[in-house]
Amino acid sequence: MERYDPQELELKWQAWWEERGMYRAGGPDDPRPKFYALDMFPYPSGDLHMGHAEAFTIGDVIARYRWMRGYNVLHPIGWDAFGLPAENAAIQRGLHPREWTYANIAKQRETLRRLGYSFDWSRAFNTCDPEYYRWTQWLFLRFHERGLAYRKAAPVNWCPSCKTVLANEQVIQGRCERCDTPVTKRELTQWFLKITEYAERLLADLDLLEGWSEKVKTMQRNWIGRSEGADVVFEVEGVGPVTIYTTRPDTLFGATFFVFAPEHPAASALATRAGLEREFRAFLEEVRAETEVERLAVARKKKAFDLRARAINPVNGEAIPVFASDYVLMEYGTGAIMAVPAHDQRDFEFARENGLPIRVVVMPPGGGLDASTMTQAYEGEGTLVNSGPYDGLPSHEGKAAIVRDLQARGLASPAVRYRLRDWLISRQRYWGCPIPIMHCPRCGEVRVPDTELPVVLPEIKEYLPTPEGESPLARAEEWVRVACPSCGGEARRDTDTMDTFVDSSWYFFRYCSPREERPFDPAEVARWMPVDQYTGGIEHAILHLLYSRFFTKALYDMGLVPFTEPFPNLLNQGMVLYGGAAMSKSRGNIVEPREVIEKYGADTLRVTMLFAGPVEADVDWAAVSPEGVKRWLGRLWRTCLQALPRLPAPGTPPRGGSSLRRAVHRTVKEVTEDYETFSYNTAVAKLMSLLGVIQKEVTSAEPADLREALEFLILMLAPMAPHITEELWHRLGHEGSVHEASWPAFDPELAREEEVTLVVQVDGKVRERIRVAPTITAEEAERLALASPRVAQRLQGVRIVRVVCRPPGLVNIVTEGG
RNA sequence: GCCCGGGUGGCGGAACCGGUAGACGCGGGGGACUUAAAAUCCUCUGCCAGCCAGGCGUGUGGGUUCGAGUCCCACCCCGGGCACCA
């Protein structure tokens, strides 16, 4: 018998599919319902890795299944091709980032083809193509017009190794997301997108995303970090009124000192006033030199600077000392706080370190809290004490009452704050989308006119980042110098480039009309979006997924798109590990998709990924077996070839209710459910079982039944193993592609169980199993149960208290004392 | 510390609404075919008990129930997120 040779057969069908342009999305006249199946596009930092193979396999199964269910599917692919990682890798190899990037794209494209994915290649693009980033710039200008893109000087995250600033989202535990270098703070003028303006909507709309896991939604909620409290005004000696933010206005009477962030303008003003200018500058220097990692260290003394001034507590007129300290952040709240050491752990530590008084104002339910003996702050709720007229009120009532009374005096107002910061998008690096702004000495910031887009990334020899943090683009002197479109005078181009995440915040719109002379055709976007199923890794839970939601809402407000959420359904596949750890060069545990394909074929790789476990769970490649899958596909191959001579012509209707047909139809019912819920591992298990049944009957079954069985099995496997099923489908006598065939329909009558197992328990323990009809009555089931010799033996000499009967599956006989 | 997940055989994992725990596969044992190997096929495989009968078993301890992997309470462990955010 002819052997199953995946290599030859897979290449053959891949060529055939391409020739036929099989996976092109249908045009506006296509009568089928649409389905937009989107996979997070790859980053071309090398060839495809196993993580990609898993993600794209899942996405491909989703897309192919929808085709077979009669949908018009949009399943696009492209490359997220600008950015730091590609640039760093290129520099390491002494290559131009463009060269390196496009070479990797070609390599990945080849591997994606070899894996047999059903992409609509006609829509492919790269975010580093001028035809794409032209529209990234166009969108930036729309943001700029609305004040959603702006420049400001702020203390920002700086990676000394990448020599660029980073967004908050790119700092992981105080370290650079890409190179793990401890991040420092720098005071720089940078471009931001005003994502904070959307904080409330980004938070509230999470509730609409029923197709997202709770995990990702929680991560976004944490990241946005909404808190409710009050702004309260303190009069600070020598400065005037200063607003602070607190979530605990009920503890106002416990404020025993006041703290400014070191960068707060009032802090340096007070230091100057106290004649401590030089000392303060040294203090500030010290604070700035500190890396984020050091600042977050657990057992660390908070830096303190006594500003020798008093602040007046508005609730009781008390004068309290004023400090500057690095534990107060300029970027959150107002950059100034009231300190309540008894009820805030940070304030408590600061008070202890600096010998400041501690006053209890909230008594916990048990009582007995004493400032002189407490070893940590009490942050819970309780009853107000030492709080003048508010004594005796529970915390939540005290909160409301204190704010209300202060508000009447114009000294407080309820306030909501978010942890989320504006998105820092400018980068001092070469390989990114240029910011389409000019700086004119007379007109200030001037937008590059739409007609002059794209602002093309200049060709320069020296594209390495500069140590001073100036963008390499600044070296392209001729490119930088331009005439101001508004006054005609000499202006200079902005020399920063955009964060890669800007590019990826709108690519899914572009796929709808990738060659459009606009960012996208609104009609095509309305036709395809929102995305029906988005598939990708959880590592983007707060970066890409938050930014894309923000972009979509901003575009909605501009009237450019008719919806506010781009991805109502999100599937986060797990990671691919090896031996319990991420694959990495340093560990030497990398398995490449290419080697697996060469050894086993693409179909085996795909099915192995799917069979390994639930899609959301990590796959440990060391613990799964392509061998087993390969064996099974071989068995399928041999069974089909063995059956072939016996089979009637295609289309011969099977009849009757043989056990084979019942097994087939039951499997169709269950596997269809599995496909709908992405339970591919159990779907594969059921297909394996079905092949076992078919194999047993391959020489004895009714020929028409056998044909039906094999065809349905092949159809159900087609989305997962597209090549072998295509081959077998043709060998079974079909002309067209198996992937253009319809998903099999089951006959409910045949899918119904003919016999079920009646379990007989005595006192909850299984004592007997009897095969019965599913229609059995309670009385009949009980009679059969009691008639069983093994059960009767158990029941000798004991009294039956009751019989629980749940036909057709269960009878439980409860005995006295049992 | 707070918030999400999750703990089931030697391993990956099944188990609808509370109703046969361990589907399917890997690995392992035994056997067939073969001069031999590969490939393939058959068979056994949670633990204890020689077989049967039986007992024990889903992180730990309690509870609800005729019946709990599944529900409730307390705890332990693992993974992930957030965290000097006032």
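The coordinates are above.
Structural notes, computed from the coordinates. A quick note: this is a predicted structure, and the numbers were derived from the prediction, not measured. (Residues numbered from 1 in each chain as written. Chains lettered and ligands numbered in written order. Predicted model: local features only at pLDDT ≥ 70, side-chain atom pairs only at ≥ 80, totals over all residues. Heavy atoms only, no water.)

Let us now look at the overall build of chain A. Scanning chain A for helices and strands turns up 27 helices and 33 strands. On the principal axes, the C-alpha backbone points of chain A span a range of 100 × 85 × 50 Å. Classification of the 818 residues of chain A by burial places 56% in the buried group. Partitioning the contacts of chain A with sequence separation of at least 6, the portion at a separation of at least 24 is 73%. Computed over 98 positive and 112 negative side-chain charges, the inter-centroid distance for chain A is 2 Å. (Helix = DSSP H or I, 4+ residues; strand = E, 2+ residues; numbered from the N terminus. Buried < 20%, exposed > 50% of the residue type's maximum accessible area, 1.4 Å probe, protein only. Contact = heavy atoms within 4.5 Å. Lys, Arg positive; Asp, Glu negative; His and termini not counted. Charge placed at Lys NZ, Arg CZ, Asp CG, Glu CD.)

The next point concerns unusual backbone geometry. In this structure, the amide linkage connecting leucine 453 to the following residue, proline 454, adopts the cis form with an omega of 0 degrees. In this structure, proline 454 sits in the loop between strand S21 (444-447) and helix H13 (477-480). Note the cis peptide between methionine 529 and proline 530, where omega equals 0 degrees. In this fold, proline 530 is placed in the loop between helix H16 (522-528) and strand S25 (533-537). Despite not being glycine, asparagine 386 shows a phi value in the positive range, around 50 degrees. In this model, aspartate 763 sits at a positive phi of 55 degrees, which is unusual for a non-glycine residue. Along the chain, aspartate 763 falls in the loop between strand S30 (756-762) and strand S31 (765-772).

Locating threonine 725 in the fold gives a position in helix H24 (residues 722-731). By relative accessible area, which is 0% here, threonine 725 ends up buried.

Read from one edge of the open sheet, 3 strands run S18-S24-S19, paired in antiparallel fashion. Taken across any chain shown, the strands that pair with only one partner, and hence form the sheet edges, are strand S18 (426-427) and strand S19 (433-434). Here 2 bridges tie S18 to strand S24 (residues 497-498), and the two strands are oriented antiparallel to one another. By the bridge assignment for S24, arginine 427 is matched with threonine 497. (Pairing = 2+ DSSP bridges.)

Another point: the environment of glutamate 627. Mapped onto the elements of the fold, glutamate 627 is located in helix H20 (residues 626-643). Residue class for glutamate 627 comes out partly exposed when judged on its relative accessible area of 39%. Taking the C-alpha atoms as reference points, glutamate 627 and threonine 608, 19 residues apart in sequence, are found 8.9 Å from one another.

A large share of helix H19 (residues 602-611) lies buried, amounting to 9 of its 10 residues. Three or more residues of H19 are buried, namely Ala602, Asp603, Thr604, Leu605, Arg606, Val607, Thr608, Met609 and Leu610.

Of the two faces of strand S26 (residues 570-573), the one carrying Leu570 and Asn572 and the one carrying Leu571 and Gln573 are both buried. Judged from the 4 bridges that link them, S25 and S26 form a sheet pairing that is parallel. In the sheet register, threonine 535 faces S26, and the bridge partner there is leucine 571. A crossover connection joins S25 to the parallel S26 through helix H17 (residues 544-557); in handedness this β-α-β unit is right-handed. (Right-handed = clockwise from strand over helix to strand, strands pointing away.)

Taken as a whole and assessed by the stated rule, the structure comprises 3 cavities of 30 Å³ or more. Glu54, Ile58, Met609, Leu610, Gly613, Pro614, Val615, Ala617 and Val619 are the residues that line the second largest cavity. Elements represented by at least two residues in the lining of the second largest cavity include exactly helix H2 (50-68) and H19. Taken together, the residues of the lining of the second largest cavity break down into 7 nonpolar, 1 polar and 1 charged. (1 Å grid on protein atoms, 1.4 Å probe; cavity = no way out; pocket = protein on both sides within 12 Å on 5 of 7 lines; lining within 4 Å. Points joined across faces, edges and corners; volume = space filled by probe spheres on them. Nonpolar A, V, L, I, M, F, W, Y, C, P; charged D, E, K, R; others polar.)

Moving on, we come to the packing of aromatic side chains. Two aromatic rings, taken as a pair, are described by how far apart their centres are and by the angle between their planes. This model, assessed by the stated rule, comprises 50 aromatic pairs. Between phenylalanine 56 and phenylalanine 119 the ring centres are 5.9 Å apart and the planes differ by 85 degrees, which places this aromatic pair in the edge-to-face class. Here the residue phenylalanine 56 occupies a position in helix H2, and phenylalanine 119 occupies one in the loop between helix H4 (97-114) and helix H5 (130-145), the gap between them amounting to 63 residues. Accessibility classification places phenylalanine 56 together with phenylalanine 119 in one group, the buried group. With a centroid separation of 6.0 Å and 85 degrees between ring planes, the pair formed by phenylalanine 257 and phenylalanine 323 is classed as edge-to-face. Separated by 66 residues along the polypeptide, phenylalanine 257 in strand S10 (residues 257-260) and phenylalanine 323 in strand S12 (residues 319-325) bring together distant segments of the chain. Overall, phenylalanine 257 belongs to the buried group, its relative accessible area being 0%. An aromatic cluster is built from Phe41, Phe125, Tyr132, Trp506, Tyr507, Phe508, Phe509, Tyr511, Phe520, Tyr534, Phe563 and Phe567, whose rings are joined through pairwise contacts. Over the face of the ring belonging to tryptophan 158 we find arginine 186, whose NZ or CZ atom lies 4.2 Å from the ring centre. Over the face of the ring belonging to tryptophan 223 we find arginine 419, whose NZ or CZ atom lies 4.2 Å from the ring centre. (Phe/Tyr/Trp six-rings, centres within 6.5 Å; stacked < 30°, edge-to-face > 60°. Lys NZ or Arg CZ within 6 Å of the ring centre and 35° of its normal.)

Bringing the nonpolar core into the picture now. Core analysis: the largest hydrophobic core is formed by 118 residues, its most contacted members being Tyr36, Trp423, Tyr507, Phe509 and Trp621. The greatest single-element share of this core, amounting to 8 residues, is contributed by H5. Ignoring any residue separated from it by four or fewer positions in sequence, one finds phenylalanine 509 in contact with Phe520, Val525, Met529, Thr552, Leu555, Val561 and Phe563. Judged by nonpolar contacts, the second largest core, of 64 residues, contains Trp17, Met22, Val73 and Leu717. (Core = buried A, V, L, I, M, F, W, Y, C linked by side-chain atoms within 4.5 Å.)

A word on the protein's contact with RNA strand B. Taken together, the neighbourhood of RNA strand B is formed by 51 residues, with Thr247, Arg300, Tyr332, Arg346 and Arg419 sitting nearest. The sugar and phosphate moieties of RNA strand B supply 65% of its atoms located within 4 Å of the protein. Taking tyrosine 327, its main chain carries an N or O atom lying 2.9 Å from a sugar or linking oxygen of RNA strand B. At 3.2 Å, a side-chain N or O of arginine 767 approaches a phosphate oxygen of RNA strand B. At the level of secondary structure, the elements contributing two or more residues to the surface near RNA strand B comprise helix H7 (214-224), strand S9 (240-246), H20, helix H22 (680-697), S30, S31, strand S32 (800-806) and strand S33 (810-815). Tallied by class, residues from the surface near RNA strand B come to 21 nonpolar, 14 polar and 16 charged. (Near = heavy atom within 4 Å. Polar contact = N/O pair within 3.5 Å; in protein donor to acceptor, adjacent residues only side chain to side chain.)

The strand order across the open sheet built from 4 strands is S21-S20-S23-S22, with neighbouring strands paired in antiparallel fashion. Every other strand in the sheet has two partners, leaving S21 and strand S22 (481-483) as the edge strands with one partner each. Between one strand axis and the next, the sheet turns through 40 degrees on average, direction left out of account. The sheet contact formed by strand S20 (residues 437-440) and S21 spans 4 bridges and is antiparallel. What sits directly across from methionine 438, in S21, is valine 446. With respect to the sheet, H5 is in contact with S20 and S21, its orientation differing from that of S21 by roughly 135 degrees. (Axes fitted to C-alpha atoms, helices over the stretch in contact; angles between N-to-C directions.)

Here the structure, examined in full by the defined rule, presents 60 salt bridges. Close ionic contact of aspartate 532 with lysine 34 constitutes a salt bridge, the shortest N to O distance being 2.7 Å. One end of the pair, aspartate 532, is in the loop between H16 and S25; the other, lysine 34, is in strand S1 (residues 34-39), and 498 residues separate them in sequence. With relative accessibility at 23%, the residue lysine 34 sits in the partly exposed group. What emerges from the salt-bridge pattern is a single network uniting Glu2, Lys12, Glu727 and Arg731. (Salt bridge = Lys/Arg side-chain N within 4 Å of Asp/Glu carboxyl O.)

Attention now moves to H22. For H22, spanning 18 residues, the distance from its first C-alpha to its last is 26 Å, which sits close to the expected 26 Å at 1.5 Å a residue. Listed in full, the buried residues belonging to H22 are Tyr680, Asn681, Ala683, Val684, Leu687, Leu690, Leu691 and Ile694. Looking at the buried side of H22, the elements it contacts are H2, H19, H20, helix H21 (659-676) and helix H23 (703-717). (Expected span 1.5 Å × (residues − 1).)

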